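# What the coordinates show
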Amino acid sequence: MRPPTPAGPGMGPNMPNRPGNIHRPTPPGNHWGAPPLRPYRPVARPWHRPVPPSSWRPRPTAPVLSTILGITFGTALNISINALVNSGYQVDGYANNTVYLRDVNTYNYLWPDATLYYGSTGGLNRSEFIYSTNYPDPMRYNSLYGNFTGIYGAPVSYTNNGTSLSATWFAPNKGYITLQYAPQYAVGGQLRYFTTLTLGL
């Protein structure tokens, strides 16, 4: 069964029911800052945007990838925060062109940690959803892999080295989806098994 494409505000699995959080945040630059320490988050690593090979052609029936959590890619950070809070999302903090969220529902799963990344001039350009366990558990990866393959076809790139898995798909507008599963150390020092979903444009 194919999952729904990311829905707009107030639609589908992206809309949590958190009426108590409906308020307008302090504009960026005032008292909100980086979120409290999350010991189960992975240690940050450099990120490079994937680029489709010259031979790549989109699947004719595949949808474009233009929004995430109801926010259109390219939207400014302050506008995004207001939209997220007014839609009921739990904004954990923001700093350095990054917005941190907790307990986000998307693609039929609950993600304890989510992060939206913004360019210095181009607005929202990438999102990341993180789930981890203290034991090997690729079930979420395998389920999402099957769903994205059903929508976008075979991944443009795929890696399986026995302990780590990775796959990347591109939408017709060159929006990308990268799905990863790998053991790595969390910021709290524990070895955990992370499933990471990254979507961007």
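Residues numbered from 1 in each chain as written. Predicted model: local features only at pLDDT ≥ 70, side-chain atom pairs only at ≥ 80, totals over all residues. Heavy atoms only, no water.

### Some remarks on the overall build of the chain
Regarding its fold elements, the chain presents 2 helices and 10 strands. In sequence order, the chain lays out its α and β elements as β-β-α-β-β-β-β-α-β-β-β-β. Residues counted as buried form 46% of the 201 residues belonging to the chain. About 10,000 Å² of surface is accessible on the chain, with carbon and sulfur atoms providing 54% of the total. (Helix = DSSP H or I, 4+ residues; strand = E, 2+ residues; numbered from the N terminus. Buried < 20%, exposed > 50% of the residue type's maximum accessible area, 1.4 Å probe, protein only. Areas by Shrake-Rupley, 256 points an atom, 1.4 Å probe, with all protein chains shown as cover.)

### Structural notes on the side chain of arginine 126
Tracing the backbone shows arginine 126 in strand E6 (residues 123–133). Buried and unpaired, arginine 126 has no salt bridge, with glutamate 128 as the nearest side chain of opposite charge at 4.0 Å. Contact partners of arginine 126, with chain neighbours within four places excluded, come to Trp47, Phe73, Thr115, Leu116, Tyr117, Tyr176, Thr198, Leu199 and Gly200. (Lys, Arg positive; Asp, Glu negative; His and termini not counted. Salt bridge = Lys/Arg side-chain N within 4 Å of Asp/Glu carboxyl O. Contact = heavy atoms within 4.5 Å.)

### What about the nonpolar core?
With 39 residues, the main nonpolar core has Leu84, Val99, Leu101, Phe129 and Leu197 as its most contacted residues. When near neighbours in sequence (up to four residues on either side) are disregarded, leucine 101 contacts Leu69, Leu84, Tyr89, Gln90, Val91, Asp92, Pro112, Asp113, Ala114 and Leu116. (Core = buried A, V, L, I, M, F, W, Y, C linked by side-chain atoms within 4.5 Å.)

### What to know about the confidence of the model for the chain
The predicted coordinates should not be examined in detail at positions where pLDDT is low. A residue-level look at the chain finds 84% of positions with pLDDT of 70 or above and a mean pLDDT of 86. Note on residues 1–31: pLDDT under 50 across the span, and 65 contacts to partners over four residues away in sequence or across chains. (pLDDT = per-residue confidence, 0-100.)

### Thoughts on the sheet that holds strand E8 (residues 165–170)
Adjacent strands of a sheet pair through backbone hydrogen bonds, lying either parallel or antiparallel. In spatial order, the strands read E3-E4-E5-E6-E10-E9-E8-E7; together these 8 strands make up an open sheet with antiparallel pairing. Of all strands in the sheet, those bounded by a partner on one side alone are strand E3 (90–95) and strand E7 (157–160). Direction aside, neighbouring strands of the sheet carry axes that sit 20° apart on average. When strand E9 (residues 176–185) meets strand E10 (residues 191–200), the two strands line up antiparallel, connected through 10 bridges. By the bridge assignment for E10, alanine 182 is matched with phenylalanine 194. Where helix H1 (residues 77–86) meets the sheet, it contacts E3, strand E4 (98–106) and strand E5 (109–119), and its direction lies at approximately 30° from that of E4. (Pairing = 2+ DSSP bridges. Axes fitted to C-alpha atoms, helices over the stretch in contact; angles between N-to-C directions.)

### A word on a nonpolar patch on the surface
Residues Leu37, Val43 and Val187 make up a contiguous nonpolar surface patch of roughly 290 Å² in combined accessible area. Counting through the fold element by element, leucine 37 comes out in the segment before strand E1 (67–68). (Patch = residues over 30% accessible without salt bridge, like charges linked within 9 Å, V, L, I, M, F, W, Y side chains within 5 Å.)

### Things to note about the pairing of E5
Counting buried residues along E5, 8 of its 11 residues qualify, which places the element largely inside the surrounding structure. Relative to E5, E4 runs antiparallel, the two sharing 8 bridges. What sits directly across from leucine 101, in E5, is alanine 114. Taking the residues between adjacent antiparallel strands as the criterion, E4 and E5 are bridged by 2 residues, where tyrosine 107 takes a positive phi near 50°. Where E5 meets E6, 7 bridges bridge the pair, whose relative direction is antiparallel. In the strand pairing of E6, threonine 115 is matched with glutamate 128. Linking E5 to E6, which pair antiparallel, is a turn of 3 residues.

### What to know about the pairing of E10
Counting buried positions over the 10 residues of E10 gives 9, a clear majority of the element. Of the strand pairs in this sheet, E6 and E10 are connected by 8 bridges, and their pairing is antiparallel. Within E10, the residue paired with tyrosine 131 across the bridge is threonine 195. Here E9 hands over to E10 after 5 residues, with glycine 189 in that stretch at a positive phi of 100°.

### Thoughts on helix H2 (residues 139–152)
Here H2 spans 20 Å end to end across 14 residues, near enough to the 20 Å set by a 1.5 Å rise per residue. Where H2 is concerned, the buried positions are Arg140, Tyr141, Leu144, Asn147, Phe148, Ile151 and Tyr152. All buried residues of H2 fall inside an arc of 135° around its axis, so they share one side. Backbone geometry just downstream of H2 places glycine 153 in the positive-phi region, at approximately 90°. (Expected span 1.5 Å × (residues − 1). Arc of directions from axis to C-beta.)

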